[in-house]
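Residues per chain, in single letters:
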Amino acid sequence: MNIIDIESGFQEKIDKDIRIEPRDWMPDNYRQTLIRQISQHAHSEIVGMLPEGNWITRAPSLRRKVALLAKVQDEAGHGLYLYSATETLGIERDELIEQLHSGKAKYSSIFNYPTLTWADMGAIGWLVDGAAILNQIPLCRCSYGPYARAMVRICKEESFHQRQGFEIMDTLCKGTPAQKAMAQDALNRWWWPSLMMFGPKDAESTHTAQSQKWGIKRFTNDDLRQKMIDMCAPQADHLGITIPDPDLKWNEERGHYDFGEINWDEFWAVVKGHGPCNKERLDARIKAWEDGAWVREAATAYAAKKENQIMTKTQAV
Amino acid sequence: MKSWPLYEVFIRSKAGLHHKHAGSLHAADPEMAIENARDVYCRRNEGNSIWVVLSSDITASNPAENEELFDPAEDKIYRHPTFYEVPEGVKHL
């Protein structure tokens, strides 16, 4: 079989909705695209713990604290599922970590915004996790088996993240005027960055067409963004706070909300490293990694010591 | 420093069922792999038993040889009960 036959056989499998598994043949670009996308997703889970970790010790009640703690633990777990899925493509964990720390690999820009008040925990759960879920549900049917399986697990666990966020917003909105103002302020700051999570407009999205052909991506950025807006607008109405977009309006004819223009200059600036917290986030990651070095070394030494003891015992017998 | 080896994790969701592959993780030794598997794959009562095995100890079949390996079973329909005729009216077959 020549390479063209192998490639068309691969595409045929994808068109028939047959999953691709780690040891199956795959085009190098498919492999590289997945390594980039899944590792970026993993890094986002890991860096995503930082803005929320900031509030664990200051949660307003024990109920809120255990929920936030559980959410952050889930994010650590989700990062690990995704790193494992990436490693099935033939890249080592250390290399992935190195790519994050050197800035070669990206993570979701949303985590480069600061969490200034408790209401930000509400807005993040409601909007950021809401957007993440919309992005992730179609990935449960992604053509690459290990990624799809990780996404099934993640989606199951993540629905509580969105709900606990909305509950925080709902409680604040039913509270004092100052609490409601805090919720409004959080919505004002997180709304546009959340919409940017779906990536550039379809016309400017370089990877969309190929990713759709390969069954990695099932919906376009603009489709998902519209879904997000249609989902959130009535939820904001319920809360009684206002989405910071004067152009947001129900369009009867389209059956969707119309909305205003996203500030794409801001989007690209944050992607390129000039967001409010890019440096702080990466520094915190690198510090955690370096501070943990002695623990990794000690565990390795202990494992080697135990291994030696077993061998010595066996020899004695 | 050499990174910790990769372990494959298998979890039994409840007594009476098979252990099922859940994913993989890095750990310094098997004990740590089990502890980590508890935190990574069992945060919501997903299991009551965990197996871990070094990924490098698994021997896997080669998908390129799937034809030789699996095709022989394909034309043996007589291995299934539906291949056989059951006379009308006969029960418990």
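Refer to the preceding data block for the structure.
Everything numeric in this text was worked out from a predicted model, so none of it was measured.

Quick look at the overall build of chain A
Right, so step 1: Each helix and strand in chain A was counted, giving 13 helices and 2 strands.
Right, so step 2: Based on the C-alpha atoms only, the size of chain A along its principal axes is roughly 75 × 55 × 35 Å.
Right, so step 3: Taking all 317 residues of chain A together, 49% fall into the buried category.
Right, so step 4: Sequence-distant contacts, at least 24 apart, represent 77% of the contacts inside chain A between residues at least 6 apart.
Right, so step 5: Total accessible area computed for chain A in this model is approximately 15700 Å², and 57% of it derives from carbon and sulfur atoms.
Right, so step 6: Computed over 39 positive and 44 negative side-chain charges, the separation of the two mean positions in chain A equals 5 Å.

Here's the deal with the overall build of chain B
Right, so step 1: When you go through chain B residue by residue, the secondary structure sums to 2 helices and 3 strands.
Right, so step 2: Each helix and strand of chain B, ordered N terminal to C terminal, gives the series β-β-α-β-α.
Right, so step 3: Projecting the C-alpha coordinates of chain B onto the three principal axes gives extents of approximately 70 × 35 × 15 Å.
Right, so step 4: In chain B, which comprises 93 residues, the proportion classed as buried is 25%.
Right, so step 5: Carbon and sulfur atoms provide 55% of the accessible area of chain B, an area that totals close to 7100 Å².
Right, so step 6: Distance between charge centres in chain B, computed from 10 positive and 15 negative side chains, equals 11 Å.

A closer look at the pairing of strand β1 (residues 6-12) of chain B
Residues and elements named next belong to chain B.
Right, so step 1: Sheet topology places β1 next to strand β2 (residues 19-26); 7 bridges connect them, and they run antiparallel. Paired with Y7 across the strands is L25, a residue of β2.
Right, so step 2: Turn length for the β1-β2 hairpin, with the two strands adjacent in sequence and antiparallel, is 6 residues, and the turn residue G16 shows positive phi of about 105 degrees.
Right, so step 3: Judged from the 6 bridges that link them, β1 and strand β3 (residues 49-54) form a sheet pairing that is antiparallel. Counterpart to V9 in the pairing with β3 is V52.

Structural notes on the packing of aromatic side chains
Right, so step 1: All told, the structure shown has 12 aromatic pairs over all chains when counted by the stated rule.
Right, so step 2: Considering the side-chain rings of B:F83 and B:Y84, the 4.9 Å spacing of their centres and the 80 degrees angle between planes classify their relative orientation as edge-to-face.
Right, so step 3: By relative accessible area, which is 47% here, B:Y84 ends up partly exposed.
Right, so step 4: An aromatic cluster is defined as three or more aromatic residues linked by ring pairs; in this entry it consists of A:F10, A:W25, A:Y30 and A:W214.

Quick notes on the side chain of A:D74
Right, so step 1: Secondary-structure assignment places A:D74 in helix α4 (residues 62-87).
Right, so step 2: The class for A:D74 is buried, based on a relative accessible area of 2%.
Right, so step 3: At 2.6 Å, the side chain of A:D74 forms a polar contact with the side chain of B:R44.
Right, so step 4: Discounting chain neighbours no more than four positions away, the residues touching A:D74 are A:E157, A:F160, A:H161, B:R43 and B:R44.

Some words on the sheet that holds β3(B)
All names here are of chain B.
Right, so step 1: Spatial strand order, β2-β1-β3: 3 strands in an open sheet with antiparallel pairing. Each end of this open sheet is capped by a strand with a single partner; those strands are β2 and β3. Strand after strand, the sheet turns through a mean of 25 degrees between neighbouring axes, direction not considered.
Right, so step 2: Against the sheet, helix α1 (residues 30-41) engages β1, β2 and β3, with an angle of about 110 degrees to β2.

Digging into helix α12 (residues 278-291) of chain A
Right, so step 1: Between the first and last C-alpha of α12(A) there are 20 Å, a value that for 14 residues agrees with the 20 Å anticipated at 1.5 Å per step.
Right, so step 2: In the core, the buried residues of α12(A) are packed alongside α2 (28-47), α3 (49-56), α5 (93-102) and α11 (264-274) of chain A.

Observations regarding the interface of chain B and chain A
Right, so step 1: Chain B puts 21 residues into the contact, and the matching count from chain A is 23 residues.
Right, so step 2: Together, the buried faces of chain B and chain A total about 1700 Å²; carbon and sulfur atoms form 51% of this surface.
Right, so step 3: Put simply, chain B and chain A have 6 salt bridges between them.
Right, so step 4: For B:R44, the salt bridge identified is with A:E157, shortest N-O distance 3.6 Å.

Observations concerning the environment of A:D222
Residues and elements named next belong to chain A.
Right, so step 1: Structurally, the position occupied by D222 is in helix α10 (residues 221-239).
Right, so step 2: Residues D222 and L82, spaced 140 residues apart in sequence, show a C-alpha to C-alpha distance of 25 Å.
Right, so step 3: Once you skip the residues sitting within four places of it in the chain, D222 turns out to touch K201 and D202.
Right, so step 4: At 2.9 Å, the side chain of D222 and the side chain of R225 are in polar contact.

Concerning a nonpolar patch on the surface
Residues and elements named next belong to chain B.
Right, so step 1: On the surface, I77, Y78, F83 and Y84 cluster together to form a nonpolar patch covering roughly 430 Å² of accessible area.
Right, so step 2: Note that F83 resides in the segment after α2 (66-70).
Right, so step 3: Residue classification places F83 among the partly exposed residues on the basis of a relative accessible area of 42%.

Comments concerning the nonpolar core
Right, so step 1: The biggest cluster of nonpolar side chains holds 95 residues, and the ones touching the most others in it are A:Y30, A:W126, A:Y144, A:Y147, A:W190, A:W191 and B:L25.
Right, so step 2: It is helix α6 (residues 119-136) of chain A that provides the largest number of residues to this core, a total of 10 residues.
Right, so step 3: If sequence neighbours within four positions are ignored, A:W190 has contacts with A:I110, A:Y113, A:P114, A:T115, A:D120, A:A123, A:I124, A:L127 and A:V128.

Some thoughts on the packing of α6(A) against helix α8 (residues 177-196) of chain A
Two measures define how a pair of helices packs: the angle their axes make with one another and the distance between the axes.
Residue and element names in this part refer to chain A.
Right, so step 1: Remark: α6 packs on α8, axes separated minimally by 9 Å, with the N-to-C direction vectors making an angle of 30 degrees. In terms of orientation, α6 and α8 fall into the roughly parallel class. As α6 packs across α8, the resulting crossing turns out to be right-handed. Here A119, D120, A123, I124, W126, L127, V128 and A131 of α6 lie close against α8, whose contacting residues are M182, A183, A186, L187, R189, W190, W191 and S194.
Right, so step 2: Grouping the amino acids of the contact of α6 with α8 by side-chain chemistry returns 13 nonpolar, 1 polar and 2 charged.

The rules behind each value
Counting from 1, residues in each chain are numbered in the order their sequence is written. Here chains are named by letter from A upward and ligands by number from 1 upward, in the order in which they appear as written. Reporting of local features is limited, given that this is a predicted model, to residues whose pLDDT is at least 70; pairs of side-chain atoms are given and counted only at 80 or more, and all residues count toward the totals for whole chains, interfaces and linings. Side-chain figures throughout are based on the complete set of non-hydrogen atoms in the structure, without hydrogens or water. Secondary structure elements are defined from DSSP: runs of H or I of at least 4 residues count as helices, runs of E of at least 2 residues count as strands, and each element is numbered from the N terminus. Only protein chains enter the calculation, and the probe is 1.4 Å; a residue is then buried if its accessible area is under 20% of its type maximum, exposed if over 50%, and partly exposed in between. Whether two residues touch is decided by their heavy atoms; if any such pair falls within 4.5 Å, the residues are in contact. To be clear on the numbers: accessible area is Shrake-Rupley with a 1.4 Å probe, and residue cover counts the displayed protein chains and nothing else. Here the positive residues are Lys and Arg and the negative ones are Asp and Glu; neither His nor the chain ends is included. Think of each charge as sitting on NZ of Lys, CZ of Arg, CG of Asp or CD of Glu. When DSSP locates at least two bridges between a pair of strands, those strands are taken to pair. Note on aromatic pairs: the rings of Phe, Tyr and Trp (six-membered ring only in Trp) are paired at centre separations within 6.5 Å, and the planes decide the class, stacked below 30 degrees, edge-to-face beyond 60, tilted for the rest. Side-chain atoms alone can form a polar contact between residues adjacent in sequence; in general such a contact is a pair of N or O atoms within 3.5 Å, and within protein one must be able to donate a hydrogen while the other accepts it. For helices, the fitted line uses only the C-alpha atoms of the stretch in contact; every axis is such a line through C-alpha atoms, and the angle between N-to-C directions lies from 0 to 180 degrees. To estimate the expected span of a helix, subtract one from its residue number and multiply by 1.5 Å. Buried area is a sum: the accessible area each of two parts loses on coming together, probed at 1.4 Å, counted once for each and added. Salt bridges are defined by distance alone: a side-chain nitrogen of Lys or Arg within 4 Å of a carboxyl oxygen of Asp or Glu. Grouping into patches uses exposed residues only, defined as over 30% relative accessible area, and leaves out salt-bridged ones; the cut-off is 9 Å for like charges and 5 Å for nonpolar side chains (Val, Leu, Ile, Met, Phe, Trp, Tyr). The set of buried Ala, Val, Leu, Ile, Met, Phe, Trp, Tyr and Cys residues whose side-chain atoms join them within 4.5 Å is what this entry labels a nonpolar core. For classification, angles of less than 35 degrees are called roughly parallel, those exceeding 145 degrees roughly antiparallel, those between 65 and 115 degrees roughly perpendicular, and all remaining angles oblique. Each crossing gets its handedness from the near helix: less than a right angle anticlockwise from the far helix is left-handed, clockwise is right-handed. Lys, Arg, Asp and Glu make up the charged group, whereas Ala, Val, Leu, Ile, Met, Phe, Trp, Tyr, Cys and Pro make up the nonpolar group; the residues left over, Gly among them, are polar.

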